[in-house]
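Structure at a glance
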Amino acid sequence: SASIGITIFPDDGTTPNDLLKNADSAMYAAKENGKANFQFYTPSLNTEIQERLAIKNGLIKAVEREEFDVFYQPKLNLHSGRIDSVEALMRWNSEELGSVSPAKFIPMLEESGMVVDVGEWVLQKACKQHQSWLRAGLPPIRVAVNLSARQLRELRFVGVVHEALSKSGVPAEGLEIEITESMLMSDSAVAVVALQELHDAGIHIAMDDFGTGYSSLSYLKRFPIDTIKIDRSFVSDITSNSDGTEIIRTIISMGRALNRRVVAEGVETKEQLDMLKSYQCDEIQGFYFSRPLQSDEATKFLLDYFSKSEQKL
Ligand code: C2E
Ligand code: MG
Ligand code: MG
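Here is a short report on the structure shown in this document. (Residues numbered from 1 in each chain as written. Chains lettered and ligands numbered in written order. Predicted model: local features only at pLDDT ≥ 70, side-chain atom pairs only at ≥ 80, totals over all residues. Heavy atoms only, no water.)

1. Section: the coordination of the magnesium ion (ligand 2)
- Each protein donor to the magnesium ion (ligand 2) is listed here as E87 (OE), N146 (OD1), E178 (OE) and D208 (OD); together their distances run 2.0 to 2.2 Å.
- Here the magnesium ion (ligand 2) and the magnesium ion (ligand 3) are spaced 4.2 Å apart, and both take D208 as a donor. On the criterion of sequence distance, the pair formed by E87 in strand 5 (residues 85-94) and D208 in strand 9 (residues 204-210) is long-range, its members being 121 residues apart. Each member of the pair, E87 as well as D208, is classed as buried. (Donors = N, O, S within 2.8 Å, 3.2 Å for Na, K, Ca; no water. Helix = DSSP H or I, 4+ residues; strand = E, 2+ residues; numbered from the N terminus. Buried < 20%, exposed > 50% of the residue type's maximum accessible area, 1.4 Å probe, protein only.)

Below, the structure written as structure tokens:
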């Protein structure tokens with residue numbers, strides 16, 4: 001498939017240079033709109049391009065300046081009221097741009113290939129953090145790390161994961177890897193083998209943003225998926241929209257029938273939590289329980305939470 005950018009002479013520009021620049025901006029807009037489509041140039045695309053350029057330049061310096069950080073968002077087990085896992089989420093505080101959303105900078109890290117090294121850094125950092133929680137006496141949990149397609153296609157990726165585990169001393173069961181449906185679509189043989197090897201070693205695999213891609217059920221059969229994470233967009237619908245409610249119920253009962261763990265993302269209200277609990281969803285993640293927390297805050301949150309005996313929901 002191809003993403004196509006279109007610009008029109010002479011309305012949009014009169015020199016070859018301008019026209020090529022416009023077409024390039026339009027092509028990026030087409031890629032952002034889900035790829036494999038076309039987009040016409042509009043003047044507002046130029047400001048977007050400027051922003052993209054600023055992010056791109058900033059990212060190159062971000063590594064040297066150590067501007068990246070990892071935050072942790074605890075998830076709540078709805079059956080036991082315990083915290084079984086947290087998700088590691090990257091943060092970037094840029095000197096020039098301030099705090100930039102991962103939704104903006106991760107795709108650019110992917111485009112430039114930097115995501116391979118930065119992703120390895122996130123993995124190591126998350127494992128070290130996990131080890132320091134274990135040392136602080138916290139019960140074993142799972143720390144989930146998001147993966148980009150590029151990382152999974154690297155031949156050395158499985159080795160990178162094992163190294164992060166052995167260096168930190170975290171057991172394989174303490175690590176979860178979050179992938180998305182689109183990563184499996186390309187059906188890269190390297191990725192399939194890597195996932196199977198990681199799973200065989202005891203590492204959990206979660207399917208992130210479930211429901212937003214093809215949601216092909218054959219993925220659940222072909223890939224070793226332990227956990228399904230229902231995308232936030234469905235959760236925000238459940239209290240207002242009956243289709244939204246039924247979709248969530250269906251995903252949860254499918255997950256249960258297939259013996260997969262089901263996590264609902266983006267739970268922001270008690271009402272949503274109660275509904276999910278009544279549908280027997282296994283785990284929730286969202287601002288209602290906790291926002292993503294900076295390392296020290298996360299440590300404090302976990303220590304406080306575990307020191308209180310069984311929380312009543
Ligand atoms: P994700 O993996 O689906 O992560 C969940 C996102 O939902 C996070 O956004 C989190 O802050 C947000 N969230 C959690 N609870 C709520 C809620 O109740 N309401 C709302 N509105 N949002 C909630 P964040 O941190 O901005 O990350 C966005 C995406 O960037 C992630 O989506 C993930 O795909 C990607 N990402 C983040 N860190 C990494 C990383 O280290 N590596 C890779 N490859 N991707 C990452
Ligand atoms: Mg995730
Ligand atoms: Mg998600």
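Continuing now.
2. Quick notes on a nonpolar patch on the surface
- Taken together, the side chains of I4, I8, F38 and F40 define a hydrophobic patch exposed on the protein surface, amounting to about 390 Å² of accessible area.
- Secondary-structure assignment places I4 in strand 1 (residues 4-6).
- What makes I4 partly exposed here is its relative accessible area of 45%. (Patch = residues over 30% accessible without salt bridge, like charges linked within 9 Å, V, L, I, M, F, W, Y side chains within 5 Å. Areas by Shrake-Rupley, 256 points an atom, 1.4 Å probe, with all protein chains shown as cover. Salt bridge = Lys/Arg side-chain N within 4 Å of Asp/Glu carboxyl O.)

3. Description of the coordination of the magnesium ion (ligand 3)
- Around the magnesium ion (ligand 3), the protein supplies D208 (OD), D209 (OD), E265 (OE) and E265 (OE) as donor atoms, at distances of 2.0 to 2.4 Å.
- Written as a sequence motif, the donor residues of the magnesium ion (ligand 3) are D-D-x55-E.

4. Some details on the site of ligand 1
- Lining the immediate environment of ligand 1, one finds 22 residues, of which R91, N146, D208, E268 and F287 sit closest.
- A distance of 2.8 Å separates an oxygen atom of ligand 1 from a polar side-chain atom of R91.
- In this structure, E268 approaches ligand 1 through a side-chain N or O atom, which is 2.5 Å from a nitrogen atom.
- Relative to its unbound accessible area of 800 Å², ligand 1 is 83% covered by the protein chains.
- The set of elements that each furnish at least two residues to the shell around ligand 1 consists of strand 5, helix 3 (102-112) and strand 9.
- Among the elements that make up the shell around ligand 1, the one with the highest residue count is strand 5 (four residues).
- The class makeup of the residues in the shell around ligand 1 is nine nonpolar, five polar and eight charged. (Near = heavy atom within 4 Å. Polar contact = N/O pair within 3.5 Å; in protein donor to acceptor, adjacent residues only side chain to side chain. Nonpolar A, V, L, I, M, F, W, Y, C, P; charged D, E, K, R; others polar.)

5. So, the pairing of strand 3 (residues 68-74)
- Counting buried residues in strand 3 gives five out of seven residues, a clear majority hidden from the surface.
- In the sheet, strand 3 pairs with strand 5 via seven bridges, with the strands oriented antiparallel. Note on strand 5: the bridge partner recorded for P74 is V86. (Pairing = 2+ DSSP bridges.)

6. A look at helix 1 (residues 16-32)
- Helix length check: helix 1, at 17 residues, gives a terminal C-alpha distance of 24 Å against a target of 24 Å (1.5 Å per residue), a fit within 8%.
- Inspection of helix 1 places L19, N22, A23, S25, A26, Y28, A29 and A30 among the buried residues, and these make up the whole buried set.
- Looking at the residues trailing helix 1, positive phi occurs at G34, about 100°. (Expected span 1.5 Å × (residues − 1).)

7. Remarks on empty space enclosed by the protein
- On inspection of all chains with the given rule, the structure shows two cavities of 30 Å³ or more.
- Counted as a void, the largest cavity has a volume near 50 Å³.
- The wall of the largest cavity is formed by V116, E120, Q151, E154, R156, F157 and V160.
- Those elements giving two or more residues to the lining of the largest cavity turn out to be helix 4 (115-135) and helix 6 (157-168).
- Each residue belonging to the lining of the largest cavity can be placed in one class, and the counts come to three nonpolar, one polar and three charged.
- Computed from the structure, the second largest cavity encloses a volume of approximately 30 Å³.
- Lining the second largest cavity, in full, are A149, L152, R153, M183, S186, S188 and A191.
- Considering each element in turn, the lining of the second largest cavity owes the most residues, three residues, to helix 5 (residues 149-153).
- Split into classes, the residues belonging to the lining of the second largest cavity amount to four nonpolar, two polar and one charged. (1 Å grid on protein atoms, 1.4 Å probe; cavity = no way out; pocket = protein on both sides within 12 Å on 5 of 7 lines; lining within 4 Å. Points joined across faces, edges and corners; volume = space filled by probe spheres on them.)

8. Here we look at the side chain of T245
- Relative to the elements of secondary structure, T245 occurs in helix 11 (residues 242-257).
- The class of T245 is buried, set by a relative accessible area of 10%.
- The residues touching T245, leaving out its near neighbours within four places in the chain, are I238, M275 and Y279. (Contact = heavy atoms within 4.5 Å.)

9. Structural notes on the environment of L302
- In this structure, L302 sits in helix 13 (residues 295-307).
- Accessibility expressed as a relative area gives 0% for L302, which makes it buried.
- A sequence separation of 147 residues divides L302 from L155, and the C-alpha atoms of the two residues are 35 Å apart.
- If we ignore the near neighbours within four places in the chain, the residues touching L302 are I83, V86, W133, L138 and I141.

Take it as geometry only, folks, not as evidence of what the structure does.
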